[in-house]
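Here is how the chains run, residue by residue.
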Amino acid sequence: SRHADAALAAAPVTVRPGDIALGRARDFLRDTGLDEDIGADDLARVAGMSRYHLCRAFRRAYGLPPHAYRMQLRLKAAKRLLVRYGFDEHPTSG
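A brief look at the structure comes next.

Calculation criteria
- Numbers given for residues are sequential positions, taken from 1 along each chain in its written order.
- Thresholds applied to this predicted model are a pLDDT of at least 70 for local features of residues and 80 or more for the giving and counting of side-chain atom pairs; totals over whole chains, interfaces and linings are not thresholded and use all residues.
- Processing note: side-chain calculations cover all non-hydrogen atoms of the structure and skip hydrogens and water entirely.
- Burial classification: accessible surface area is computed with a 1.4 Å probe over protein chains only, and a residue below 20% of its type maximum counts as buried, one above 50% as exposed, and the rest as partly exposed.
- The helix count covers DSSP runs of H or I at least four residues long, the strand count covers runs of E at least two residues long, and both are numbered beginning at the N terminus.
- Starting at the helix axis, one direction is taken to each C-beta atom, and the arc is that of these directions.
- A pair of Phe, Tyr and Trp rings is counted when the ring centres sit within 6.5 Å of each other, with Trp represented by its six-membered ring. The angle between the planes then sorts it: under 30 degrees is stacked, over 60 is edge-to-face, the rest tilted.
- By the convention used here, residues are in contact when the closest approach between their heavy atoms is within 4.5 Å.
- N or O atoms closer than or at 3.5 Å make up a polar contact, with two conditions inside protein: a donor-capable atom paired with an acceptor-capable one, and, for residues adjacent in sequence, both atoms drawn from side chains.
- To count toward a patch, a residue needs a relative accessible area over 30% and no salt bridge; like charges are then connected within 9 Å, while nonpolar side chains (Val, Leu, Ile, Met, Phe, Trp, Tyr) are connected within 5 Å.
- The Shrake-Rupley method, run with a 1.4 Å probe sphere, supplies the accessible areas, and residue values consider only the shown protein chains as cover.
- In the sections that follow, a salt bridge refers to a side-chain nitrogen of Lys or Arg positioned within 4 Å of a carboxyl oxygen of Asp or Glu.
- His is not counted, nor are the chain ends; Lys and Arg add positive charge and Asp and Glu add negative charge.
- Where a charge lies is defined by one atom per residue type, namely NZ (Lys), CZ (Arg), CG (Asp) and CD (Glu).

1. Some details on helix 3 (residues 40-47)
Listing the buried residues of helix 3 in full gives L43, A44 and A47. The buried residues of helix 3 occupy one face: seen down the axis, they fall within an arc of 100 degrees. Where helix 3 ends, the next residue or the one after it, G48, has phi of about 75 degrees, a positive value.

2. A word on the packing of aromatic side chains
One pass over the structure, following the stated rule, counts 3 aromatic pairs. Both rings, one in F58 and one in Y69, keep their centres 5.4 Å apart while their planes meet at 80 degrees; by these two values the pair is edge-to-face. Here F58, found in helix 4 (residues 51-62), pairs with Y69, found in helix 5 (residues 66-84); they are 11 residues apart in sequence, far enough to count as distant. Side by side, F58 and Y69 carry an identical accessibility label, which is buried.

3. Some remarks on the environment of Y62
Secondary-structure assignment places Y62 in helix 4. Since its relative accessible area comes to 27%, Y62 is described here as partly exposed. Considered as a pair, Y62 and R26 are 36 residues apart in the sequence and their alpha carbons are 9.0 Å apart. In this structure, Y62 is in contact with L22, G23 and R26, ignoring residues within four places of it in sequence. Of the polar contacts made by the side chain of Y62, one reaches the side chain of R26; its length is 2.9 Å.

4. Observations concerning the side chain of R70
Inspection of the secondary structure assignment puts R70 in helix 5. Only 2.8 Å separates the side chain of R70 from the backbone oxygen of E36, close enough to count as a polar contact. Contact partners of R70, with chain neighbours within four places excluded, come to L29, T32, G33, L34, E36 and I38.

5. Observations regarding a positive patch on the surface
On the surface, R30, K76, K79, R80 and R84 cluster together into a patch of positive charge. Among the elements that line the positive patch, the one with the most residues is helix 5, at 4 residues. With respect to the helices and strands, R84 occurs in helix 5. When its relative accessible area of 59% is taken as the criterion, R84 is described as exposed.

Right under this line is the structure:
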């Protein structure tokens, strides 16, 4: 196990330019206020690729296209707010 950890630590990490671009797009989606609209052209500009290429590559990398990823971020934030202010996700009937 110790040898496997050392081998992994020594293995070179290959980062492709597309990975960096997709990371910039993902970070932009996360860091921009959830109440703000982000256009596909704006996101493509941040990533430095065409909007069509960004959408396909983003889906391959993260499992969702950018707009659906953003919607998931909004839903998670809304759930956190509901819990914070005492709304139960599964109310009891009675």
